[in-house]
Amino acid sequence: MAAAGGLTAAQPAKAQIVLKSAYGEASLAGPAKARGAVVWSHGRSVDSEDSEAPTPLYMKALRDAGWDVYRLDRMRVSDTLPNSSRALAGYSEALKAKGYRRVALTGQSFGAFISLIAAGQTNAIDSVIATAPAAFGNFTEAFDSYRENAAQLWPILREVRRARVMMFFFHGDDFDPGGRAEPARNILSQRGLNSLIVDQPSLLTGHGAANTGLFVRRFGSCIVRFAEEPPTPADPPCDESWGRSPSAEMLQAAALPANASGSAKGNDATAALRPYMGMWYGSYINGREVALSVEKAEGDAVYADYVLGAGMEADQPSERVRRRGRVENGELVFDEKGRNILRYRMRPDGRVAASWLDKDGHGRLDTVLRRVN
């Protein structure tokens, strides 16, 4: 079956497994210019075609670093571990034969499993980045088999030929039986393979955590480094500090000094508002920083500046808007007509639970803000 750039791979009869450019043929620099070729493999659903799933945001970090980015699209009718891994291994060999100096595989869930299996079938693969590997269901719908997501992972890792392996396991992943990080490290270490296992990184939860903007903000650079070269002790920390303190761009957007105290202004705050006075900071799972600067109260009205950092796309600049709200049952609420709703609630630990709700009821973002000192 023909694929991107004329590549073909041996495939089972009537298979529908296609390699194509993730961002269009015009995005490909070719083997002579690209830093390498990377192939992303999507997951597998029992009730939908995951080949329609968007390429995750972190793949843009590889594209922007000079990699040619492909994706392996597979129709469910032919998408089995043997079929898909064999096709992926064949495509990897074809990419290497075409002249790419590096071939990396990335995959989510079922796609992570087939990427690791393919790395045990050919020497053409230099690295694998596997996020939330799973192929045997989840706790809720496949309780009798979901533990195989661990049991079947071990023999697969023992078969990896030469590729270095990076894996991410997430807290709250219904497909993860738990306790997979340390055995994975031990197996790969015993094999003499370079590896980097990231186990339950903070604030990234659920099976699809790798598809978020927050994931690429924190781990995009590390993934690029790992795809290009084996890790060394001199490497910077894999988990970027993004979102833990305001970036320079965020401080500029908020027009606040880097040492903003966040203390109450004047004596106009009511007793209920006083705990909220000052500057609060955090980040959303979509990869945008957020800040709330609560300045004053006039009667029952509360005034604050809401600042949203730049998004992952070029058409998502930073924003700053003035909001008028109130304190209601101890909660700070901004729900002006025709505007998105903001709700804040003090937590026992002194932080603020924050929610953004789309004015039309079509979306919600939750996070936790801390006072900027």
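Residues numbered from 1 in each chain as written. Predicted model: local features only at pLDDT ≥ 70, side-chain atom pairs only at ≥ 80, totals over all residues. Heavy atoms only, no water.

Draft legend 1. Spotlight on the packing of aromatic side chains. Enumeration over the complete set of coordinates arrives at twelve aromatic pairs. Pairing Tyr70 with Tyr100 gives two aromatic rings, centres 6.4 Å apart and planes at 90°, and the pair type is edge-to-face. Here Tyr100 lies in the loop between α2 (81-98) and β4 (103-108) and Tyr70 lies in strand β3 (residues 68-74), a separation of 30 residues in the sequence. Taking the relative accessible area as the measure of exposure, Tyr100 reaches 3% and is therefore buried. For the ring pair Phe215 and Phe219, a centre distance of 5.5 Å and an interplane angle of 35° mean the geometry is tilted. In this pair, Phe215 and Phe219 are both assigned in helix α7 (residues 213-228), four residues apart and thus about one turn of the helix distant. For the pair formed by Phe215 and Phe219, the shared burial category is buried. A network of ring pairs unites the aromatic residues Tyr58, Phe168, Phe170, Phe215 and Phe219 as a single cluster. Just above the ring of Tyr23 sits the side chain of Arg63; from NZ or CZ to the centre is 4.8 Å. (Phe/Tyr/Trp six-rings, centres within 6.5 Å; stacked < 30°, edge-to-face > 60°. Helix = DSSP H or I, 4+ residues; strand = E, 2+ residues; numbered from the N terminus. Buried < 20%, exposed > 50% of the residue type's maximum accessible area, 1.4 Å probe, protein only. Lys NZ or Arg CZ within 6 Å of the ring centre and 35° of its normal.)

Draft legend 2. Just the sheet that holds strand β1 (residues 17-21), in detail. Strand order in this open sheet of seven strands is β1-β3-β2-β4-β5-β6-β7, and the pairing throughout is mixed. The open sheet has two edge strands, β1 and β7 (195-199), and neither has a second partner. Ignoring which end each strand starts from, the neighbouring axes of this sheet average 15° apart. One ladder, built from five bridges, connects strand β5 (residues 127-131) with strand β6 (residues 164-169); its direction is parallel. From the neighbouring strand, Val128 faces β6, where its bridge partner is Val165. (Pairing = 2+ DSSP bridges. Axes fitted to C-alpha atoms, helices over the stretch in contact; angles between N-to-C directions.)

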